[in-house]
Amino acid sequence: MFNIENFKDNRIIFSYSLVVLLSTWIFAFLIFSKPNVGLALFGVVMFFPAIVALIFNRFIHKKSCKSMFSCVFIKPNLKPMVFSIGYPLIFIATCGIIALITGLGYFNPGNFT
């Protein structure tokens, strides 16, 4: 069933996706015109979706900057902090162990220096 709210939400989602993809592709094209610079700055490309999400959140939901960043300035809970650090470490370790067990990877202690 057609609902005007669904159309508005879909338009916002499409706009967000379009802005993220275009800005990311343009930036990646510009930095990779010189491969050495591109490899050094490639991590910056990953911030584009977050920056665009903050901008869209600010203007679509009419939130103040203070309310958007309140989670940064208030005291965080221990459980989410442990999860945000522990989960990636456990995931990476599990992938490494699976790679070692299956023979797809090998341990190189020389990379720890």
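Bear in mind that the values here come from a model prediction, so they are computed numbers and not experimental data.

Draft legend 1. Examining helix H6 (residues 78-102) more closely. Over its 25 residues, H6 runs 36 Å from end to end, which matches the ideal 36 Å to within 8%, given 1.5 Å per residue. Most pronounced at Gly86, the bend in H6 amounts to some 25°, and the proline Pro88 follows within four residues. Positive phi shows up at Gly103, right after H6, with a value of about 85°.

Draft legend 2. Just the side chain of Thr24, in detail. Secondary-structure assignment places Thr24 in helix H1 (residues 4-31). According to the relative accessible area criterion, Thr24 is buried, its value standing at 16%. In contact with Thr24, not counting residues within four places along its chain, are Val45 and Phe48.

Draft legend 3. Just the confidence of the model for the protein, in detail. Chain-level statistics for the protein give a pLDDT mean of 81 and a share of 89% at 70 or above. The secondary-structure element of the protein with the lowest mean pLDDT is helix H5 (residues 70-73), recorded at 69, while H6 shows the highest, at 90.

Draft legend 4. A look at the packing of aromatic side chains. By the definition in use, this model includes 4 aromatic pairs. Ring centres of Tyr16 and Phe56 lie 5.6 Å apart, and the angle between their planes is 80°; on these two criteria the pair is classed as edge-to-face. On the criterion of sequence distance, the pair formed by Tyr16 in helix H1 and Phe56 in helix H3 (residues 48-60) is long-range, its members being 40 residues apart. Note on Tyr16: relative accessible area 26%, which makes it partly exposed. Seen in terms of ring centroids, Tyr87 and Phe91 are 6.3 Å apart; in terms of plane orientation they differ by 20°. Their pairing is stacked.

About the criteria used
Residues numbered from 1 in each chain as written. Predicted model: local features only at pLDDT ≥ 70, side-chain atom pairs only at ≥ 80, totals over all residues. Heavy atoms only, no water. Helix = DSSP H or I, 4+ residues; strand = E, 2+ residues; numbered from the N terminus. Expected span 1.5 Å × (residues − 1). Bend = angle between axes of the 7 residues up to and from the residue. Buried < 20%, exposed > 50% of the residue type's maximum accessible area, 1.4 Å probe, protein only. Contact = heavy atoms within 4.5 Å. pLDDT = per-residue confidence, 0-100. Phe/Tyr/Trp six-rings, centres within 6.5 Å; stacked < 30°, edge-to-face > 60°.

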